[in-house]
Amino acid sequence: MTAVERSTGVPVADGQLPVLRRRISGVLVASQILGGLGVATGVALSSVLAQRVSGTESLSGLAPTAMVTGTAVASLPMAALMTARGRRPGLVLGYLIGALGAGVVVVAAVIGSFPLLLCGMAGFGAASSANLGARFAAADLAETDRRAQAISNVVWAATIGAVLGPNIAAPAGRSVSALGIPTAAGPFLWAAGIFLVAAVTVAVLLRPDPLLTARVLAPPQERSAEGRSLRAGLAAVAASPRARLALVTVTVCHTAMVSVMSMTPVALGHHGASIELIGLVISGHIAGMYAFSPLMGRLSDRVGRLSGIGLAVGLLACAAFLAGTADGSHGRTAVGLFVLGLGWSAGLVSGSALLTDSVPESVRAAAQGLSDLAMNTSAGLGGACAGLLMAGAGYGWLNLAAACLLIPVGALALFTRDDSRLVRDAKAAD
């Protein structure tokens with residue numbers, strides 16, 4: 001073991017593992033609630049703030065785009081730090097950069113600088129990257145046949161922040177008006193404070209570090225530090241058909257979801273939907289994404305990762321059909337968006353668990369960071385292309401394109417062996 005592992009990754013007896021797992025899961029759930037609350041609070045008014053600072057509606061979409069870009073870019077340094085030092089430093093770094101970015105957004109709003117606003121939004125996106133990374137931290141010490149459930153419990157916690165965030169955005173804006181801060185920038189000031197609390201929570205309570213402790217418990221052949229690099233993580237994914245499938249799954253499912261979801265409010269608006277109705281449709285979509293993730297985790301553990309991925313493909317295809325053929329039916333669109341959220345949840349949970357299953361302990365953090373980089377980069381491009389496709393061909397063709405993205409996932413799943421079921425059956429036999 002390295003000096004870092006000796007100091008923060010301690011040996012744990014088998015009888016102590018269940019207690020340690022519950023404690024680490026509780027800390028991660030708390031940080032996920034805080035991080036999700038901060039992100040949702042800021043994002044709720046990001047486009048409005050961008051429009052007011054830039055002075056034109058045409059540039060308002062650049063703020064969320066900058067955030068997505070920041071989320072993707074932050075994945076690499078966070079993965080490198082986690083690979084070398086453990087989960088705790090990487091998550092703390094993400095939340096601290098997010099807090100700094102939120103502060104920069106507030107300053108940009110006060111002085112009226114749009115370029116500075118975009119820089120702040122990019123930094124703000126690092127907090128979202130930390131939230132994504134928390135799901136892998138939950139899997140570090142989880143039993144193989146309960147790994148998807150551990151991931152899904154952390155993903156579920158984002159429901160609380162996603163629901164509460166937009167609802168406190170308005171009070172947060174009004175609370176800073178006496179300070180000379182624009183109302184639309186108020187949520188970002190609150191988000192900065194929330195991210196700082198999340199960083200302190202992780203720094204103080206996430207001990208011992210789950211990744212370093214997992215390395216201590218790993219077989220001797222997986223403890224070598226020689227392969228702990230992003231390049232080694234990429235090589236491990238390239239060498240494993242199951243890891244490649246996992247990477248493609250989370251990337252495609254996230255891209256398809258973001259592409260359709262981002263253009264649905266526009267499509268609803270074209271068919272006369274009110275702002276209140278659009279909000280309800282998006283709320284239902286978010287509920288599908290997060291609220292049912294524990295169910296998706298249990299299904300993935302019980303019937304196998306590939307079955308979970310197959311369910312994701314089926315749900316996403318069904319969602320694309322429902323939304324793409326709605327033709328002005330608000331109810332049909334709402335159902336489609338809810339199913340879209342369910343498909344994303346199944347794909348993210350099963351794909352993340354499969355990736356963790358498929359690579360050695362020494363390169364897991366690097367492979368997981370590359371996975372987040374791929375899914376966020378692809379989603380950013382997908383969101384940009386979705387707008388062009390929507391403008392040129394329409395919402396129905398956008399959903400068809402999203403459905404076509406699922407074809408390689410289904411094809412890879414058909415020709416990939418599901419070893420998770422073998423592990424589960426072997427454990428049951430013991």
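None of the values given here were measured: they were computed from a predicted structure. (Residues numbered from 1 in each chain as written. Predicted model: local features only at pLDDT ≥ 70, side-chain atom pairs only at ≥ 80, totals over all residues. Heavy atoms only, no water.)

Asker: Can you explain the overall build of the chain? Please cite residues and give values.
Answerer: Looking only at helices and strands, one finds 19 helices and zero strands in the chain. The C-alpha radius of gyration of the chain comes to 21 Å, within 12% of the 22 Å expected for a compact globule of 430 residues. In terms of overall dimensions, the chain has a C-alpha envelope of 60 × 50 × 35 Å along the principal axes. Sorting the 430 residues of the chain into buried and exposed places 53% on the buried side. Long-range contacts, defined here as pairs at least 24 residues apart, represent 84% of the contacts in the chain between residues at least 6 apart. Carbon and sulfur atoms make up 68% of the accessible area of the chain, which totals about 17100 Å². For the chain, the distance from the average site of its 28 positive side-chain charges to the average site of its 19 negative ones is 4 Å. (Helix = DSSP H or I, 4+ residues; strand = E, 2+ residues; numbered from the N terminus. Rg over C-alpha atoms; globule rule 2.2 N^0.38 Å. Buried < 20%, exposed > 50% of the residue type's maximum accessible area, 1.4 Å probe, protein only. Contact = heavy atoms within 4.5 Å. Areas by Shrake-Rupley, 256 points an atom, 1.4 Å probe, with all protein chains shown as cover. Lys, Arg positive; Asp, Glu negative; His and termini not counted. Charge placed at Lys NZ, Arg CZ, Asp CG, Glu CD.)

Asker: Quick rundown of empty space enclosed by the protein? Include the residues and the values.
Answerer: Following the criterion strictly, the structure yields three cavities of 30 Å³ or more and no others. One number sums up the size of the largest cavity: a volume of about 80 Å³. Residue lining of the largest cavity: Ser75, Met78, Ala79, Met82, Arg87, Ser129, Gly133, Phe136, Ala365, Gln368, Gly369 and Asp372, and that is the complete set. Listed by contribution, the elements that provide at least two residues to the lining of the largest cavity are helix 4 (62-85), helix 6 (114-139) and helix 16 (364-392). Here the lining of the largest cavity is composed, by residue class, of five nonpolar, five polar and two charged. (1 Å grid on protein atoms, 1.4 Å probe; cavity = no way out; pocket = protein on both sides within 12 Å on 5 of 7 lines; lining within 4 Å. Points joined across faces, edges and corners; volume = space filled by probe spheres on them. Nonpolar A, V, L, I, M, F, W, Y, C, P; charged D, E, K, R; others polar.)

Asker: I'd love a proper account of the side chain of Arg87, names of residues and values included.
Answerer: Note that Arg87 resides in helix 5 (residues 87-111). Setting aside its immediate chain neighbours within four residues, Arg87 contacts Met82, Phe136, Ala137, Asp140, Asp209, Pro210, Leu211, Ala365 and Gln368.

Asker: Go over the packing of helix 3 (residues 46-54) against helix 6 with me, naming the residues and quoting the values.
Answerer: Running from N to C, helix 3 and helix 6 cross one another at 160 degrees; their axes reach a closest spacing of 9 Å. Considering their axes alone, helix 3 and helix 6 lie roughly antiparallel with respect to each other. For the pair helix 3 and helix 6, the crossing hand works out as right-handed. Contact residues: Ser46, Leu49, Ala50, Val53 and Ser54 in helix 3; Phe114, Leu117 and Met121 in helix 6. Here the contact of helix 3 with helix 6 is built from residues that sort into six nonpolar, two polar and no charged. (Axes fitted to C-alpha atoms, helices over the stretch in contact; angles between N-to-C directions. Parallel < 35°, antiparallel > 145°, perpendicular 65-115°, else oblique. Left-handed = near helix turned anticlockwise from the far one by under 90°.)

Asker: Talk me through the pattern of salt bridges; I want residue IDs and the actual numbers.
Answerer: Evaluated as defined, the whole model comprises seven salt bridges. For Arg135, the salt bridge is made with Asp372, and the minimal N-O distance between the two is 3.0 Å. Taken as a pair, Arg135 in helix 6 and Asp372 in helix 16 lie far apart in primary sequence, 237 residues in all. With relative accessibility at 5%, the residue Asp372 sits in the buried group. With a shortest N-O distance of 3.8 Å, Glu143 and Arg146 are connected by a salt bridge. Note on Glu143: relative accessible area 26%, which makes it partly exposed. Ionic contacts of the salt-bridge type, sharing partners, join the residues Arg147, Asp301, Arg305 and Asp357 into one network. (Salt bridge = Lys/Arg side-chain N within 4 Å of Asp/Glu carboxyl O.)

Asker: For helix 7 (residues 147-175), give the residues involved together with the corresponding values.
Answerer: Taking 1.5 Å of rise per residue, the 29 residues of helix 7 would be expected to cover 42 Å, and the 42 Å separating its terminal C-alpha atoms lies within 8% of that figure. Taking the largest bend as the criterion, helix 7 deviates by roughly 40 degrees, centred on Ile168, and proline Pro171 comes between one and four positions later. (Expected span 1.5 Å × (residues − 1). Bend = angle between axes of the 7 residues up to and from the residue.)

Asker: Any details on the confidence of the model for the chain? Residues and values, ideally.
Answerer: Caution is warranted with low-pLDDT regions, since their predicted coordinates should not be read in detail. Looking at the chain as a whole, the pLDDT averages 86, with 90% of positions reaching at least 70. Low pLDDT, under 50, characterises residues 1-8; the predicted model gives this stretch 16 contacts beyond four residues in sequence or across chains. A low-confidence stretch, residues 426-430 (pLDDT under 50), is modelled with two contacts involving residues beyond four sequence positions or located in other chains. (pLDDT = per-residue confidence, 0-100.)

Asker: Any details on the packing of aromatic side chains? Residues and values, ideally.
Answerer: Under the definition given, this model contains four aromatic pairs. Ring geometry for Tyr290 versus Trp344: centroids 5.6 Å apart, planes at 80 degrees, classification edge-to-face. Residue Tyr290 is found in helix 12 (residues 275-290), and its partner Trp344 is found in helix 15 (residues 330-358); the two are separated by 54 residues along the sequence. The pair Tyr290 / Trp344 is uniform in exposure class, with both members buried. Seen in terms of ring centroids, Phe292 and Phe338 are 5.8 Å apart; in terms of plane orientation they differ by 85 degrees. Their pairing is edge-to-face. Separated by 46 residues along the polypeptide, Phe292 in the loop between helix 12 and helix 13 (293-303) and Phe338 in helix 15 bring together distant segments of the chain. Three or more aromatic residues joined by ring pairs make a cluster, and in this case those are Phe124, Phe188 and Phe195. (Phe/Tyr/Trp six-rings, centres within 6.5 Å; stacked < 30°, edge-to-face > 60°.)

Asker: Can you break down the nonpolar core residue by residue, with the values?
Answerer: Across soluble globular proteins, you tend to see nonpolar side chains buried next to one another. Of all hydrophobic cores here, the largest spans 61 residues; its most connected members are Tyr290, Leu340, Val359 and Tyr395. The biggest single contributor to this core is helix 11 (residues 241-270), with 12 residues. Residues contacting Tyr290, with those up to four places away along its chain left out, are Val155, Trp156, Ala158, Thr159, Ala162 and Trp344. Counting 50 residues, the second-largest nonpolar core is a separate cluster that includes Ile24, Val27, Tyr95 and Ala102. (Core = buried A, V, L, I, M, F, W, Y, C linked by side-chain atoms within 4.5 Å.)

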